[in-house]
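# Residue-level structural notes
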There are 2 protein chains.
Amino acid sequence: MIINKNPREYLQSYGIKPSLQRIAIVEYLMKNRIHPTIEDIYNALYIQVPTLSKTTVYNTLKLFVEQGAVLALVIDDKNVRFDIDTSCHAHFQCCSCHRIWDIPVGNADLLQVRQIDDLLITESHLYYKGYCKHCNNKMVGSSC
Amino acid sequence: MIINKNPREYLQSYGIKPSLQRIAIVEYLMKNRIHPTIEDIYNALYIQVPTLSKTTVYNTLKLFVEQGAVLALVIDDKNVRFDIDTSCHAHFQCCSCHRIWDIPVGNADLLQVRQIDDLLITESHLYYKGYCKHCNNKMVGSSC
DNA sequence: TACAATTTTATAATGATTATAAATAAAAAT
DNA sequence: ATTTTTATTTATAATCATTATAAAATTGTA
């Protein structure tokens, strides 16, 4: 799935009707590949979409995830993060600044959605935790 | 690290002073390899340790995780799960019944704690989501 | 225009987790 | 053994992400 597509078409390709709010949200996800929280998205958009409500952000992301247009990342125990890049890659979260980065996976075999035992697997997630360059240098306090 | 060890020695080997409550909790984790939540642990133990408080379960698990005696699993967005098996393995969570199982990893390379770019990696987690045999047969509703 | 369906919104409710500070227990010192 | 100090446990309240609910606004359609 190409991400540098116009937001409207992107939504439609996943069977999602493109409303003003939905377009603003995908657009934000396309341009800000920081694995944002609901809060991040809301804070960034309520200026340009003044009527926006946080409930709408929750509802919209739930819809996007259900339709497969966005991936929900459960890595941080504090907040769910969202990733519009649904292609095969891993993540790294810094225990100190809590930012999340994409990590390419060399051998993607382990992440291939496949049959294991009697389990029907629909998603695979690989993530690392540790300290980013900045926080490791500064020796800033942990919280993982 | 051997898990079939007596709880007291296990705690001591991680530099944790073995109190009554702490022993009850590791013992529970050793005998019930179901990746329990705080709630699960509390519900199972407050009968045999009547003074037990949920705050203690939170505090204790936090200590165990900090000392490396137990692994915190962030897979389910609802609750953190705990695993006393800190050896290299993956997990599977059923989107319907929310149970979590251990999955062996064939090639553990991806999960090896190592240096990537400028990142200092301290933990790796691989997990799958989908439907277990029981829920897939019964076609029970999702919630992932 | 009027009707129906969808989407958005504000508000309240839920529920996991953390903060706080008092109570208890254990260890050390006298 | 008794006091003093430290560590641990506990009850309670606070926080904060997420969900539920129902009303309001918007869109599509006859």
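Conventions we followed
- Residues numbered from 1 in each chain as written.
- Chains lettered and ligands numbered in written order.
- Predicted model: local features only at pLDDT ≥ 70, side-chain atom pairs only at ≥ 80, totals over all residues.
- Near = placed C-beta within 6 Å.
- Helix = DSSP H or I, 4+ residues; strand = E, 2+ residues; numbered from the N terminus.
- Nonpolar A, V, L, I, M, F, W, Y, C, P; charged D, E, K, R; others polar.
- Expected span 1.5 Å × (residues − 1).
- Buried ≥ 20, exposed ≤ 12 C-beta atoms within 10 Å, placed from the backbone.
- Contact = placed C-beta atoms within 7 Å.
- Domains from an automatic or database assignment.
- Axes fitted to C-alpha atoms, helices over the stretch in contact; angles between N-to-C directions.
- Parallel < 35°, antiparallel > 145°, perpendicular 65-115°, else oblique.
- Left-handed = near helix turned anticlockwise from the far one by under 90°.
- Pairing = 2+ DSSP bridges.
- Least-squares fit on C-alpha atoms with pLDDT ≥ 70 in both.

Take the protein's contact with DNA strand D next. By nearness alone, 19 residues border DNA strand D, and B:S19, B:Q21, B:T51, B:S53 and B:T56 come closest of all. Listing elements by their share of the surface near DNA strand D, those giving two or more residues are α4 (54–66) of chain A together with α2 (20–31) and α4 (54–67) of chain B. Here the surface near DNA strand D gets 4 residues from one element, more than from any other, and that element is α4(B). Residue classes in the surface near DNA strand D are distributed as 4 nonpolar, 11 polar and 4 charged.

This paragraph deals with α2(B). Residue and element names in this part refer to chain B. Given a rise of 1.5 Å per residue, 12 residues ought to cover 16 Å, and the 17 Å separating the end C-alpha atoms of α2 matches this to within 8%. When α2 is considered as a whole, its buried residues turn out to be R22, A24, I25, V26 and L29. Residues of α2 that are buried sit in contact with α1 (7–13), α3 (38–45), α4 and β2 (81–83).

Our next topic: the domain arrangement of chain A. Under the domain assignment used here, chain A contains domain 1 (7–73) and domain 2 (88–138). Centre-to-centre separation of domain 1 of chain A and domain 2 of chain A, based on C-alpha positions: 23 Å.

It is worth spelling out the packing of helix α3 (residues 38–45) of chain A against α4(A) at this point. Residues and elements named next belong to chain A. At a closest axis distance of 10 Å, the pairing of α3 and α4 adopts a crossing angle of 125°. Judged by the angle between their axes, α3 and α4 are oblique. Classified by chirality, the crossing of α4 by α3 is right-handed. Here α3 contributes I38, I41 and Y42 to the contact with α4, which in turn contributes K54, V57, Y58 and L61. Here the residues of the contact of α3 with α4 are counted per class, giving 6 nonpolar, no polar and 1 charged.

On the chain B side, the residues contacting the 28 residues of chain A number 28 residues. Residue assignment for the side of chain A that touches chain B shows that the elements contributing at least two residues are β6 (119–131) and α5 (133–138) of chain A. Counting residues per element, the side of chain A that touches chain B draws most heavily on β6(A), which supplies 13 residues. By residue class, the composition of the side of chain A that touches chain B is 16 nonpolar, 6 polar and 6 charged. In the sheet, β6(A) pairs with strand β6 (residues 119–131) of chain B via 11 bridges, with the strands oriented antiparallel. What sits directly across from A:L126, in β6(B), is B:L126.

Close to DNA strand C lie 19 residues, the nearest being A:S19, A:Q21, A:T51, A:S53 and A:T56. Put simply, the parts of the chain that give the surface near DNA strand C at least two residues each are α2 (20–31) and α4 of chain A together with α3 and α4 of chain B. In terms of residue count, α4(A) provides more of the surface near DNA strand C than any other element does, 4 residues in total. Looking at side-chain class alone, the surface near DNA strand C contains 4 nonpolar, 10 polar and 5 charged residues.

Further remarks concern the relation of the copies chain A and chain B. Superposing chain A onto chain B takes a rotation of 180° plus a shift of 0.0 Å along the axis, which leaves an RMSD of 0.0 Å. The symmetry that links the two subunits is that of a two-fold axis. In terms of proximity to the rotation axis, the leading residue of chain A is A:L126, whose C-alpha is 2.2 Å off the axis. An overlap of 100% is found between the interface residues of chain A and their copies at the interface of chain B, pointing to a shared contact surface.

Turning our eyes to something else, we now look at the pairing of strand β4 (residues 100–103) of chain A. Residues and elements named next belong to chain A. In this structure, strand β3 (residues 90–94) lies alongside β4, joined through 4 bridges in antiparallel fashion. Within the sheet, the bridge partner assigned to F92 lies in β4 and is W101. Linking β3 to β4, which pair antiparallel, is a turn of 5 residues; within it H98 sits at a positive phi near 65°.

The next thing to look at is the pairing of strand β3 (residues 90–94) of chain B. The side chains of a regular strand alternate, residue by residue, between the two faces of the sheet. Residues and elements named next belong to chain B. The element β3 is largely enclosed, with a buried count of 5 among its 5 residues. Here β3 shows two buried faces, one formed by A90, F92 and C94 and the other by H91 and Q93. Alignment of β3 against β6, held across 4 bridges, turns out to be parallel. Counted as the bridge partner of Q93 is K129 from β6.

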